[in-house]
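Reading the structure
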Amino acid sequence: MENNIIIDLKNISKQYDGVDVLKDINLYIRKNEFLTLLGPSGCGKTTTLRIIGGFEQPSTGDIIFEGKRINDVPPYKRQINTVFQKYALFPHMNVFENIAFGLKIKKVPKHEIKERVQRILKLVNLSGYENRDVESLSGGQQQRIAIARALVNEPKVLLLDEPLGALDLKLRKDMQIELKDMQKRVGITFIYVTHDQEEALTMSDTIIVMDKGRIQQIGTPEDIYNEPKNAFVADFIGESNIIEGTMVRDLLVEFADTRFVCVDKGFGENTPVDIVIRPEDIKVVPEEEGMLTGIVTSVTFKGVHYEMLVQEKDREWMIHSTVMEPVGSHIGMVFEPESIHVMKKVGER
Amino acid sequence: MKKNIVSFPYLIWMIIFTVFPLLLVLFFSFTEGNVQKISELRFTLDNFKRFMQPNYINVLGRSAALALVSTIICLILGYPMAMILANMEEKKRKFLVLLFIVPMWMNFLLRTYAWMTLLGKQGLINRFLEFLGLPTLNLLYNNGAVILGMVYNFLPFMVLPIYTVLSKIDKSIIEAAEDLGSNRVTVFRKIIFPLSIPGVVSGITMVFMPAVSTFVISRLLGGNRYMLIGNLIEQQFLTVYDWHFGSAISIIMMIMILIAMAFMEKFDKDKEGGRIW
């Protein structure tokens with residue numbers, strides 16, 4: 001499997017004016033995979049991408065590209081192309097000139113440039129737009145031109161920095177599917193940066209969740225969603241109830257003044273932990289059948305389900321359910337042992 | 001209707017201080033006779049015909065040539081300066097831009113006089129050469145001194161518009177060009193320079209226009225007998241009292257500048273299309 005790795009980041013750290021932006025980042029990227037760097041703004045995901053692209057130098061650590069260290073290779077010599085956040089199309093050139101820019105610099109023969117530009121325009125569904133002024137195009141079209149401009153060079157890796165950020169919801173959804181589809185067709189490694197967890201879950205083969213300059217979790221979308229490693233990941237990926245608790249011993253956890261059987265072990269005895277329970281994993285039952293009981297304080301219709309907030313003693317629980325209980329009703333809550341996710345407390349490293 | 005009311009004071013201002021004087025100059029340029037008795041003025045084209053003599057044409061030619069040379073020197077000096085400024089970090093950049101503007105707060109005449117004391121026969125530079133035992137130089141009252149004066153006075157008008165345009169170029173556009181394989185030279189040739197053309201055009205306009213019409217610089221640094229078109233106009237109005245001929249020369253100069261501006265404008269529009277290289 002070793003030779004399947006295209007990019008390897010080793011102990012990458014980065015400081016700006018003495019402030020740590022990245023702390024000891026270690027990750028590898030496989031050929032042809034769709035990898036997403038996910039995290040809130042300021043978590044270091046864009047900096048990581050810019051280091052891979054060559055626009056920033058890491059303070060310490062190595063970037064390995066196909067087995068060679070490329071720390072000192074300038075961006076224009078890397079076999080990597082980037083789709084920038086605000087597209088960064090050249091305003092003084094038309095669509096054809098924008099897309100042909102990289103090929104002209106590489107001195108590709110004219111007829112081949114023409115052919116490749118046409119082929120890539122077809123791929124992004126903008127055939128016939130060659131002579132259009134880029135500033136006359138809509139956001140979605142500009143976005144596709146930016147992707148075409150990068151892809152036409154047939155890079156080994158394509159970096160995308162929140163490329164769909166400026167588009168409206170409908171267009172975003174369409175473009176997500178299109179991008180994923182494109183990636184499969186051209187067989188290029190995509191490294192995608194976003195703060196939108198849904199986008200990350202939809203498109204990625206691998207997700208890297210980052211916060212405060214550190215990698216919080218690396219895994220498939222299913223792993224990240226179903227087995228979040230800590231409360232930050234659980235909270236960031238989807239909605240969660242996060243409760244403080246204590247691991248009494250293996251397979252037994254105490255929270256909300258109650259002991260529950262769970263499936264986690266290896267935390268030691270009487271260790272303080274964070275408990276995460278997904279809102280959709282809580283079932284609403286009559287009050288007397290509940291493991292925990294509470295009063296519904298608010299109900300919001302979300303389309304597929306209702307989101308209910310339930311006050312239980314001094315805690316508030318969020319429940320997603322297709323059955324609505326009116327505000328003020330007393331209900332019981334139950335959940336399976338598998339739904340109780342026990343995590344080490346964050347911030348105690 | 002509201003718009004019209006708001007624009008009214010400006011309209012009056014324009015009519016009193018721009019349109020009316022212009023019409024007056026136009027009127028004088030096509031008439032002859034005694035300025036004091038307007039009713040006795042006669043229509044004529046003689047003022048324009050008179051200008052077509054070789055010695056006047058020479059003055060016009062020299063004015064245009066000197067202004068052109070100054071503009072080119074300003075561009076050559078100013079463009080790199082503007083680039084350095086635009087690439088500086090915020091704090092230093094603000095300070096340096098201020099340094100460029102501060103001399104403009106001082107009186108224009110005073111600044112030009114200062115050059116006389118530097119370049120004169122007994123000036124600072126010649127004193128220094130004497131001190132070193134070298135022969136003194138004739139630095140004042142020649143084309144070189146006039147060009148120096150123009151470049152010194154008008155350089156900020158070249159630097160600032162170029163600087164403004166350059167600092168507005170989105171950094172990610174430059175990164176995109178690097179990302180697509182351009183080295184620094186190519187980035188400049190294909191991205192930065194084409195995008196800065198509007199600044200260059202307004203810089204050229206803002207230097208060339210005052211340079212072609214100046215009479216202070218040419219008189220102080222060029223000497224009494226040194227004649228540029230600005231001096232010629234000044235002389236007609238203040239020494240010879242021939243307002244008619246003076247007005248005619250003014251009109252000719254205005255037409256020249258208009259043609260030059262129209263030319264630059266067309267140039268500017270062509271370039272924005274991005275088809276220069």
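Residues numbered from 1 in each chain as written. Chains lettered and ligands numbered in written order. Predicted model: local features only at pLDDT ≥ 70, side-chain atom pairs only at ≥ 80, totals over all residues. Heavy atoms only, no water.

Digging into the overall build of chain B
Helix and strand counts for chain B stand at 12 helices and 2 strands. Going residue by residue from the N terminus, the α and β elements of chain B occur as α-β-β-α-α-α-α-α-α-α-α-α-α-α. Judged by the C-alpha coordinates and their principal axes, chain B covers about 75 × 75 × 35 Å. By residue count, 42% of the 277 residues in chain B fall in the buried class. In chain B, of all internal contacts separated by at least 6 residues, the share reaching a separation of at least 24 is 67%. Accessible surface, chain B as shown: approximately 16400 Å² in total, 70% of it carbon and sulfur. (Helix = DSSP H or I, 4+ residues; strand = E, 2+ residues; numbered from the N terminus. Buried < 20%, exposed > 50% of the residue type's maximum accessible area, 1.4 Å probe, protein only. Contact = heavy atoms within 4.5 Å. Areas by Shrake-Rupley, 256 points an atom, 1.4 Å probe, with all protein chains shown as cover.)

Some remarks on the domain arrangement of chain B
Residues and elements named next belong to chain B. Assigned domains within chain B: domain 1 (1-44) and domain 2 (51-265). Taking the mean C-alpha position of each, domain 1 and domain 2 sit 31 Å from one another. Contact with domain 1, which involves 10 residues of that partner, is made by 7 residues of domain 2. Summed over both partners, the interface of domain 1 with domain 2 buries about 710 Å², with 79% contributed by carbon and sulfur atoms. The interface formed by domain 1 and domain 2 contains 0 salt bridges. Seen at the junction of domain 1 and domain 2, the total is 3 residue pairs in polar contact (both at pLDDT 80 or more). Going through the elements one at a time, helix H1 (2-29) and strand S1 (31-32) are the ones with two or more residues in the side of domain 1 that touches domain 2. Here the element with the most residues in the side of domain 1 that touches domain 2 is H1; it accounts for 5 residues. (Domains from an automatic or database assignment. Buried area = accessible area lost by both parts, 1.4 Å probe. Salt bridge = Lys/Arg side-chain N within 4 Å of Asp/Glu carboxyl O. Polar contact = N/O pair within 3.5 Å; in protein donor to acceptor, adjacent residues only side chain to side chain.)

Side note on the confidence of the model for chain B
Residues and elements named next belong to chain B. Taken over all residues, the pLDDT of chain B has a mean of 87, while the share at 70 or more is 95%. Looking across chain B, the model is least confident in helix H12 (residues 243-272), with a mean pLDDT of 82, and most confident in helix H3 (residues 54-87), with 93. In the model, residues 271-277 has pLDDT below 50 throughout and makes 12 contacts with residues more than four positions away in sequence or in other chains. What the predictor reports for the complex is a pTM of 0.77 with an ipTM of 0.77. (pLDDT = per-residue confidence, 0-100.)

A short note on the pattern of salt bridges
Considering all chains together, one arrives at 31 salt bridges over all chains under this definition. With a shortest N-O distance of 3.6 Å, Glu33 of chain A and Arg30 of chain A are connected by a salt bridge. Here Glu89 of chain B makes a salt bridge to Lys92 of chain B, at a shortest N to O gap of 3.9 Å. Residue classification places Glu89 of chain B among the exposed residues on the basis of a relative accessible area of 53%. A single network of salt bridges, built from pairs that share partners, joins Lys14, Arg50 and Glu56 of chain A together with Glu175 of chain B.

Notes on the sheet that holds strand S5 (residues 68-69) of chain A
Sheets are built from strands that pair by backbone hydrogen bonding, the pairs being arranged parallel or antiparallel. All names here are of chain A. Read across the sheet, 4 strands follow the order S2-S1-S4-S5 without closing on themselves; strand pairing throughout is antiparallel. At either end of the open sheet lies a strand with only one pairing partner, and these are strand S2 (19-30) and S5. The sheet contacts of helix H1 (residues 45-53) involve strand S1 (5-16), S2 and strand S4 (60-65), and relative to S1 the element is tilted by about 120°. (Pairing = 2+ DSSP bridges. Axes fitted to C-alpha atoms, helices over the stretch in contact; angles between N-to-C directions.)

Considering a nonpolar patch on the surface
There is a patch of nonpolar side chains on the surface, built from Phe8, Leu11, Ile12, Trp13, Met14, Ile15, Ile16, Phe17, Val19, Leu23 and Leu26 of chain B and spanning about 1100 Å² of accessible area. With respect to the helices, strands and loops of the structure, Leu11 of chain B is situated in helix H1. (Patch = residues over 30% accessible without salt bridge, like charges linked within 9 Å, V, L, I, M, F, W, Y side chains within 5 Å.)

A closer look at the sheet that holds strand S7 (residues 157-161) of chain A
Residues and elements named next belong to chain A. Pairing is mixed in the open sheet, where 6 strands are placed in the order S6-S7-S8-S3-S9-S10. Among the strands making up the open sheet, the edge pair consists of strand S6 (80-83) and strand S10 (214-219). Strand-to-strand twist across the sheet, computed as the mean angle between neighbouring axes with direction ignored, equals 20°. Inspection of the sheet shows strand S3 (residues 34-38) paired to strand S9 (residues 206-211) by 4 bridges, in the parallel sense. Across the sheet, Thr36 pairs through a bridge with Ile207, a residue of S9.

Description of the interface of chain B and chain A
Listed by partner, the interface residues are 21 residues for chain B and 22 residues for chain A. Overall, the association of chain B and chain A removes approximately 1900 Å² of surface from exposure, summing both partners, and the carbon and sulfur fraction of that is 61%. Area buried by chain B at its contact with chain A is led by Glu175, Asp179 and Leu180 of chain B, which between them contribute 36% of it. At the boundary of chain B with chain A, the tally comes to 2 salt bridges.

Some points on the layout of surface pockets
All names here are of chain B. When its volume is computed, the largest pocket comes out at roughly 670 Å³. For the lining of the largest pocket, the secondary structure elements donating two or more residues are H3, helix H8 (171-179) and helix H9 (184-213). At 4 residues, H8 tops the list of elements feeding residues into the lining of the largest pocket. Taken as a whole, the second largest pocket holds about 430 Å³ of empty space. Surrounding the second largest pocket, 20 residues form its lining, Leu68, Ile204, Phe208, Phe263 and Met264 being those nearest its centre. (1 Å grid on protein atoms, 1.4 Å probe; cavity = no way out; pocket = protein on both sides within 12 Å on 5 of 7 lines; lining within 4 Å. Points joined across faces, edges and corners; volume = space filled by probe spheres on them.)

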